[in-house]
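Below, each chain spelled out in residue letters.
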Amino acid sequence: MNPRPLWQLTLSRLRELSREPGTMFWAFGFPILLSVALGMAFKSNGGAPIKDGEVRYIDFLVPGLMGMNLMSGSMWAVGWGLVNLRTKKLLKRLLATPLRRWHLLASLALARLALLPLEVASLLLFARVIFGMPLPGPGALVLLAAVGVLGWLSFSCLAVCVASRAQNVETMTGLINAVMIPMFVLSGVFFPASRFPPVLHPALSLLPLTALNDALRGVIVGHAHPPELVRPVVILVAWGAASAMVACRTFRWS
């Protein structure tokens, strides 16, 4: 297997992303600005705990923003990128070259993965400096990296699934928003999902962003160990596998 086409496509996609100021803002600037705004809004009460007297709001918010950014970044970078190539008739041209089909899909996802450590590090350091949020230890950072990579892979598969039939960027934009916006509200990004009626809790706990946020908070705030993350990990794997299976059956290159 020749990895050269994969790396060339990945580097090309990274160069494209670096030339898009909007992408850089949404990846790095927006989570920080949001944490500042919401952190200041709740700073007047001294960062009072919001969850059983244990967690300050800013400590609850930062992992949620990480999960939100990881999901939205993967959905836009992979899903929108595919549809943009399809709209420009570039998918057919690329398939006429010696590269394999999985090279193209993997390059979009890997370009997104390359930005992930910088996004997570910048948000963690900002929360530490401005709000005094404790940083995870070395072992927890390794676990955090593993959870982040799993979330990236799961949402990248979901992005390919959503992009499988979309024929233009307008349709893809609507589909991405239809997937993400409900989870922004329901998956515990800005406030605990437990605030919703108890009858909804089982369904909300099965959403992929809920699982990712639970895992991130477990590592960053709750100092969770690998056995305690089994349930969210299983949910993320299930969503990724199911999305990949559907994408394999429905994806169109033209």
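Since the model is a prediction, treat every value here as computed from it, not as a measurement. (Residues numbered from 1 in each chain as written. Predicted model: local features only at pLDDT ≥ 70, side-chain atom pairs only at ≥ 80, totals over all residues. Heavy atoms only, no water.)

Student: Account for the environment of Asn177, with residues named and values stated.
Tutor: Inspection of the secondary structure puts Asn177 in helix H7 (residues 169-186). When the C-alpha positions of Asn177 and Met75 are compared, they lie 9.5 Å apart, and in sequence the two are 102 residues distant. Asn177 has contacts with Trp76 and Pro182, leaving out every residue within four places of it along the chain. (Helix = DSSP H or I, 4+ residues; strand = E, 2+ residues; numbered from the N terminus. Contact = heavy atoms within 4.5 Å.)

Student: Explain a nonpolar patch on the surface residue by residue, including any values.
Tutor: On the surface, Ile181, Val185 and Phe191 cluster together to form a nonpolar patch covering roughly 240 Å² of accessible area. One can find Phe191 in the loop between H7 and helix H8 (201-205). (Patch = residues over 30% accessible without salt bridge, like charges linked within 9 Å, V, L, I, M, F, W, Y side chains within 5 Å. Areas by Shrake-Rupley, 256 points an atom, 1.4 Å probe, with all protein chains shown as cover. Salt bridge = Lys/Arg side-chain N within 4 Å of Asp/Glu carboxyl O.)

Student: Now, about the packing of aromatic side chains: what can you tell me, with residues and values included?
Tutor: Aromatic ring pairs are reported here in terms of the distance separating the ring centres and the angle at which the planes meet. Inspection of every chain in the model, using the stated rule, returns two aromatic pairs. With 6.5 Å between their ring centres and 70° between their planes, Phe126 and Phe131 make a pair best called edge-to-face. Residue classification places Phe131 among the buried positions, given a relative accessible area of 12%. Sitting above the plane of the Phe251 ring, Arg86 keeps its charged end 5.1 Å from the centroid. (Phe/Tyr/Trp six-rings, centres within 6.5 Å; stacked < 30°, edge-to-face > 60°. Buried < 20%, exposed > 50% of the residue type's maximum accessible area, 1.4 Å probe, protein only. Lys NZ or Arg CZ within 6 Å of the ring centre and 35° of its normal.)

Student: So what's going on with the nonpolar core? Which residues, and what values?
Tutor: Within the largest apolar cluster, 64 residues are counted, with the highest numbers of intra-cluster contacts made by Met71, Met75, Leu82, Phe155, Leu209 and Leu212. Secondary-structure elements contributing two or more residues to this core are helix H2 (21-41), helix H3 (57-87), helix H5 (101-131), helix H6 (138-162), H7, helix H9 (208-220) and helix H10 (230-250). The element best represented in this core is H3, accounting for 14 residues. With near-sequence residues (within four places) excluded, Phe155 lies in contact with Leu70, Met71, Ser74, Met75, Met183, Pro208, Leu209 and Leu212. (Core = buried A, V, L, I, M, F, W, Y, C linked by side-chain atoms within 4.5 Å.)

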